[in-house]
Every structure is written in C-alpha cells, then in structure tokens.
Amino acid sequence: MLLYQAWLNWRLQQALSGLVSTSLNEHLADGVIALGGLLVLASGLALAALSAWAVIAFLAGWTIQAAYLLWANRSYPNDPAAAGRRRAVHAFAAYTAATALVLTMPLMGVLG
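Every value quoted in this text rests on a predicted model; they were computed, and no experiment measured them. (Residues numbered from 1 in each chain as written. Predicted model: local features only at pLDDT ≥ 70, side-chain atom pairs only at ≥ 80, totals over all residues. Heavy atoms only, no water.)

Caption draft 1: Spatial organisation of the overall build of the chain. Regarding its fold elements, the chain presents four helices and zero strands. Counting over 112 residues, the chain shows a buried share of 23%. Considering only contacts within the chain whose residues lie at least 6 apart along the sequence, 68% involve residues at least 24 apart. Approximately 7,500 Å² of the chain is accessible, and the part contributed by carbon and sulfur atoms is 71%. (Helix = DSSP H or I, 4+ residues; strand = E, 2+ residues; numbered from the N terminus. Buried < 20%, exposed > 50% of the residue type's maximum accessible area, 1.4 Å probe, protein only. Contact = heavy atoms within 4.5 Å. Areas by Shrake-Rupley, 256 points an atom, 1.4 Å probe, with all protein chains shown as cover.)

Following this line, the structure appears as structure tokens:
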C-alpha cells in the first residue's frame, strides 16, 4: 500500500507539474517513503524465507523510518498531515517491536 501511495503521488505530481510546483523537500520525502516501503517489503520477504538477511533488512527499514519521522516532525510540525504521521508513529512502534523480535531470532537459531 505504501509503495502504491508513493507511485500514485509521483504520478499526480507529474500530471500537475505545469500547474503546481513541488519543493525539493517534497520530492525527497516521496523518495524516502518509497525506499522505506521497499525496505519493509524486503524485510518481510527475508523473514518469510527465514534468511539471515532479515536482520539487516529490518534494521535498514527501521533506520529509514526513524530518520523520516524525525525529519518530518521537525520540518512540518503544524502540517495537516500530522494526523497521518501519528498513525505512522504507531506503525513504527509495531515495526520496532518486530525488529526487536527479529534481532533475537539468530540467537535462538531460527534464522540461518
């Protein structure tokens, strides 16, 4: 869903580029959101395969999400999208718990 949203946003910006200009910050945010979505997908696939790469993928996804949320809260503190970011923070908390679980899996011998 996140990747679809990033793709749809990119297409909409392309279609409206003659009418409305988008800032470099918005383009950067869209790229980071797409990268975060790809990393979440990769981490899920690696975990489903019980690959040791799941640890790296989860840590990379966690890092991108944390950096984006910190940047967005400082760059756009009173933005109307703040309610959406609150939901993103809740999802990030769940992803943090999943990342912690994945980090313990090699110690238990689950990931190979």
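Having seen the model, we can carry on.
Caption draft 2: Inspection of helix α3 (residues 53-75) at higher detail. If you check α3, its first and last C-alpha atoms are 33 Å apart, about what 23 residues at 1.5 Å a residue would give, namely 33 Å. Turning to α3, its buried residues are A54, V55, A57, F58, G61, Q65, A66, L69 and A72. (Expected span 1.5 Å × (residues − 1).)

Caption draft 3: Highlighting helix α2 (residues 24-48). Look at α2: 36 Å from first C-alpha to last across 25 residues, which is about the 36 Å you get at 1.5 Å a residue. Along α2, the residues classified as buried are A29, D30, G36, G37, L39, S43 and A46. Phi turns positive one or two residues past the end of α2, at L50, with a value near 55°.

Caption draft 4: Structural context of the packing of α2 against α3. Packing of α2 against α3 leaves a shortest axis separation of 8 Å and a crossing angle of 155°. When the axes of α2 and α3 are compared, the pair comes out roughly antiparallel. As α2 runs across α3, the sense of the crossing is left-handed. Residues N25, A29, V32, I33, L35, G36, L39, V40, A42, S43, A46 and L47 of α2 form the contact with α3, whose participating residues are W53, A54, A57, F58, A60, G61, I64, Q65, Y68 and W71. (Axes fitted to C-alpha atoms, helices over the stretch in contact; angles between N-to-C directions. Parallel < 35°, antiparallel > 145°, perpendicular 65-115°, else oblique. Left-handed = near helix turned anticlockwise from the far one by under 90°.)

Caption draft 5: Representation of a nonpolar patch on the surface in the model. Judged by side-chain polarity, L38, L41 and L45 come together as a nonpolar surface patch covering roughly 300 Å² of accessible area. Tracing the sequence through the fold places L45 in helix α2. On the basis of relative accessible area, L45 is assigned to the exposed category, the value being 57%. (Patch = residues over 30% accessible without salt bridge, like charges linked within 9 Å, V, L, I, M, F, W, Y side chains within 5 Å. Salt bridge = Lys/Arg side-chain N within 4 Å of Asp/Glu carboxyl O.)

Caption draft 6: Representation of the packing of aromatic side chains in the model. Overall, the coordinates contain three aromatic pairs when judged by the stated rule. Ring centres of F58 and Y95 lie 5.2 Å apart, and the angle between their planes is 15°; this geometry places the pair in the stacked category. You can see F58 sitting in helix α3 and its partner Y95 sitting in helix α4 (residues 82-108), a full 37 residues away along the chain. Take F58 and Y95: they sit in the same class, and that class is buried. (Phe/Tyr/Trp six-rings, centres within 6.5 Å; stacked < 30°, edge-to-face > 60°.)

Caption draft 7: Examining the confidence of the model for the chain more closely. In the predicted model, the chain carries a mean pLDDT of 83, and the fraction of residues at 70 or more is 79%. Across the chain, α3 holds the top mean pLDDT of 90, while helix α1 (residues 2-15) sits lowest at 68. (pLDDT = per-residue confidence, 0-100.)

Caption draft 8: Spotlight on the nonpolar core. A46, A54, V55, F58, Y95, V102, M105 and L111 together form the largest nonpolar core, which totals eight residues. Elements that contribute at least two residues to this core include exactly α3 and α4. (Core = buried A, V, L, I, M, F, W, Y, C linked by side-chain atoms within 4.5 Å.)

Caption draft 9: View of unusual backbone geometry. Even without glycine at this site, L50 takes up a positive phi of about 55°. With respect to the element layout, L50 can be found in the loop between α2 and α3.

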